[in-house]
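Chain and residue survey
Residues per chain are reported as follows:
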Amino acid sequence: MQIYTAPLDDIRFLLEAFDYTGKIHGIPAFAEFDIDMAMDLLGGMATFCTEVLQPLNKSADAEGVTYNPEDHSVTTPKGFKEAYAEYVENGFTTLPYPPEHGGLGAPVVLNTLGSEVLIAANKSFSMLPGLSAGLIDALEGYTVHSEEFGNDNLLPKLISGEWAGTMALTEPQCGTDLGLLTTKAEPFGDHFKLSGTKVWITFGEQDMTENIVHLVLARLPDAPEGIKGISTFIVPKFLADGTRNPVFCGGVDHKMGIHASPTCVLNFEEAEGWLVGKPNQGMRPMFTMMNVARLNVGIEGVALGEAAYQAALTFAKDRRQSRSLNPAKRDANAAADNILVHPDVRRMLLEAKSTNEGLRGLVAWIAMCYDLSHHALDEDEKQKASDLVALLTPIIKSFGSERGFLNISTAMQVMGGAGFTTDWPVEQYLRDERIAMIYEGTNHIQALDLVGRKLPMHGGRLMRVFAGEITALLREASAHEALAPYVAALKVESKRLNDTTMTMGGAAMQDNEVIGAVSSNYLNQFALVTLAYVWLKQLTHVMALDEDDAMRRNKIQTARYFFELILPEAEMYANKVAVGKTPMTDIDVDLL
Ligand SMILES: Cc1cc2nc3c(=O)[nH]c(=O)nc-3n(C[C@H](O)[C@H](O)[C@H](O)COP(=O)(O)OP(=O)(O)OC[C@H]3O[C@@H](n4cnc5c(N)ncnc54)[C@H](O)[C@@H]3O)c2cc1C
């Protein structure tokens, strides 16, 4: 039973709380997109997703994809092709792109919040437009050196959704460590011929679009070893004259979840490709693509966490088991009480709700920063927004995917055995979400990015910008007496984060291995402080609403749970970081 409803009220609330009207609608490029228009767009997308894509979610999971070895083709589940055609016809692929390439020119934040709804309705399906979006972002910043497949030809086809993109990095011997890749690119006239094997390429082959454009990492003949010798190419499935380029799917993987998303082996058999950007600087466009993808992966946790929470709440409202521990709350007219009387059932629901709504707020904030980093009229504001995107993207990817998975598991627990059965969608959500901690750079790689790259970047400027945001909010929130406990808690935890950062930074300067040992715990501490910031931002906003306003009461109740029962985990993570590296480094590996 799929019962998901898009959380449009919360989305609107978040847009207001983070001052969409002043910050985003105020930008001339977005003058058309006031908040009502924004919500109309999201509402239309939500209707499509729940009416067309959600009904396919379960059947597509059961059917999976089929590999046809005779022609190396892949057949996607029943209904996918038609649903994609409708998705394209509705213009959903065009939302955040410039009108000169056929885009609608909407702010990225709307597309980002819309993708939550898309993923919740059908995660496997969402991955096809998601990958195209990453490719478009890479191509907007880097030149493809080709007449037929130059940016001006490719972008309109990708933005309209006629063609789709992929991201082809991984090889059998090279996952995290891309320096190990061996796919070769040999010069061929003004372009190249690529040979090698890529694995686990999402939608590497499919029957939903007319052409597929692969963004491929490969090595030129004279390339230096390792990561410094990687170049990026685009390799289309069909060439400009319609002939088949020899990049063939060699099979699809059978996996735990996202069954309707083909995960493909791709064999490049001297396939023609064109260079993107400069030779041996291939990681740059790939990082652009991956940054957008990382944000989306964090949203996967919010999307499926929300859908699972809604299923659990629906179940809980109906289920009767045992008696309330409080005699006054017992229902004299029934043999058992509704399970919502049990504090532990409420605990589980609030665990999921408070972290999920916090994460949605974080995503909304950072997606707005993404828009500001490109379009803010003030250079200083642009820089600050760009710093926040860089700093907090690894946190969204890692904490979003980890908490998302945990929240789905918690929702399943609310439902007892029913949640484990296929009568409810929660077991599918759990299977579909697990990969989010692994792909687009494992969660530990996000933590290394945060600690090893983002903290020291520009002499610690990113962290100072973040600290400045916290200070400004604490000042604003202090004006409301009712918020005093929350202000105090954020003050304590942001100071603790600062102390952890300084101590860890000092230790890491002496010994790099410390970073490897503590960064995952540090990221979690950082994420909890960031969510406390997001919650205090929401609380400050609800202070303007009437005391009996449902949204105000809802936010205060949920925030209270977050501050009193989730935020204390930040201290636990700080204590883990303080232990340092020895429990991991000074051990006998033979005893593992
Ligand atoms: C369903 C699915 C879809 C995918 N889609 C795509 C796609 O579209 N395109 C694509 O190119 N790839 C794709 N991938 C591949 C995915 O990105 C990789 O699985 C991922 O990057 C991790 O690489 P790996 O699996 O080789 O793990 P490994 O790199 O072998 O890592 C194994 C473990 O070692 C740890 N580890 C590795 N290096 C370090 C280090 N330096 N420090 C500390 N720990 C380390 C990792 O964190 C992990 O826990 C997909 C994979 C799956 C399963």
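As a reminder, the structure under discussion sits directly above these lines.
Attention here is on the structure that accompanies the text. (Residues numbered from 1 in each chain as written. Predicted model: local features only at pLDDT ≥ 70, side-chain atom pairs only at ≥ 80, totals over all residues.)

**What about unusual backbone geometry?**
Positive phi values are uncommon outside glycine, yet Asp-19 reaches one of about 55 degrees. By the secondary structure assignment, Asp-19 is in the loop between helix H1 (8-17) and helix H2 (20-25). With a phi angle near 55 degrees, Phe-203 is a residue other than glycine that sits in the positive phi range. When you line up the elements, Phe-203 lands in the loop between strand S5 (191-202) and strand S6 (211-218). (Helix = DSSP H or I, 4+ residues; strand = E, 2+ residues; numbered from the N terminus.)

**A closer look at the pairing of strand S3 (residues 163-168)**
The two faces of a sheet get side chains in turn, since along a regular strand they alternate between them. Along S3, 6 of the 6 residues are buried, which leaves the element largely enclosed by surrounding structure. The side-chain alternation of S3 yields two buried faces, one formed by Trp-163, Gly-165 and Met-167 and the other by Ala-164, Thr-166 and Ala-168. As judged from the 6 bridges shared by S3 and S6, these two strands associate in the parallel manner. Note on S6: the bridge partner recorded for Gly-165 is Val-213. (Buried ≥ 20, exposed ≤ 12 C-beta atoms within 10 Å, placed from the backbone. Pairing = 2+ DSSP bridges.)

**Here's the deal with helix H4 (residues 80-89)**
Along H4, the residues classified as buried are Phe-80, Ala-83, Tyr-84 and Tyr-87. For H4, the arc enclosing every buried residue in end-on projection is 100 degrees, short of the 170-degree limit, so these residues lie on one face. In H4, the exposed positions angled more than 90 degrees off the buried face are occupied by Glu-82, Glu-86 and Glu-89. On its buried side, H4 packs onto helix H3 (35-63) and helix H6 (123-141). (Arc of directions from axis to C-beta. Contact = placed C-beta atoms within 7 Å.)

**Description of the pairing of strand S7 (residues 231-236)**
Most of S7 is tucked away, with 6 of its 6 residues classed as buried. Inspection of the sheet shows S6 paired to S7 by 6 bridges, in the antiparallel sense. Residue pairing across strands places Leu-217 opposite Thr-232, the latter belonging to S7.

**Some details on the site of the ligand**
Leu-169, Gly-175, Thr-176, Thr-202 and Thr-442 are the nearest of the 19 residues found near the ligand. Elements represented by at least two residues in the shell around the ligand include exactly S3, S5 and helix H13 (443-454). Among the elements that line the shell around the ligand, the one with the most residues is S5, at 3 residues. Grouping the amino acids of the shell around the ligand by side-chain chemistry returns 9 nonpolar, 9 polar and 1 charged. (Near = placed C-beta within 6 Å. Nonpolar A, V, L, I, M, F, W, Y, C, P; charged D, E, K, R; others polar.)

**Notes on the nonpolar core**
Among soluble globular proteins, nonpolar side chains are generally buried collectively. Membership of the largest hydrophobic core comes to 187 residues, with the highest contact counts inside it found for Phe-233, Ile-366 and Ala-411. Per element, the largest residue contribution to this core is 18 residues, and it comes from helix H16 (residues 513-542). Sequence-distant contacts of Ile-366, defined by excluding residues within four places in its chain, comprise Leu-388, Val-389, Leu-392, Thr-393 and Ile-396. (Core = buried A, V, L, I, M, F, W, Y, C linked by C-beta atoms within 7 Å.)

**A few points about the environment of Phe-466**
Note that Phe-466 resides in helix H14 (residues 461-477). Separated by 79 residues in the primary sequence, Phe-466 and Asp-387 have C-alpha atoms spaced 8.4 Å apart.

**Some thoughts on the packing of helix H10 (residues 379-414) against helix H12 (residues 426-433)**
Between H10 and H12, the shortest axis-to-axis distance is 9 Å and the interhelical angle comes to 160 degrees. Classified by the angle their axes make, H10 and H12 are roughly antiparallel. Of the two elements, H10 crosses H12, and the hand of that crossing is left-handed. Where H10 abuts H12, its residues Gly-404, Phe-405, Ile-408, Ser-409, Ala-411 and Met-412 lie against Val-426, Tyr-429, Leu-430 and Glu-433. Taken together, the residues of the contact of H10 with H12 break down into 7 nonpolar, 2 polar and 1 charged. (Axes fitted to C-alpha atoms, helices over the stretch in contact; angles between N-to-C directions. Parallel < 35°, antiparallel > 145°, perpendicular 65-115°, else oblique. Left-handed = near helix turned anticlockwise from the far one by under 90°.)

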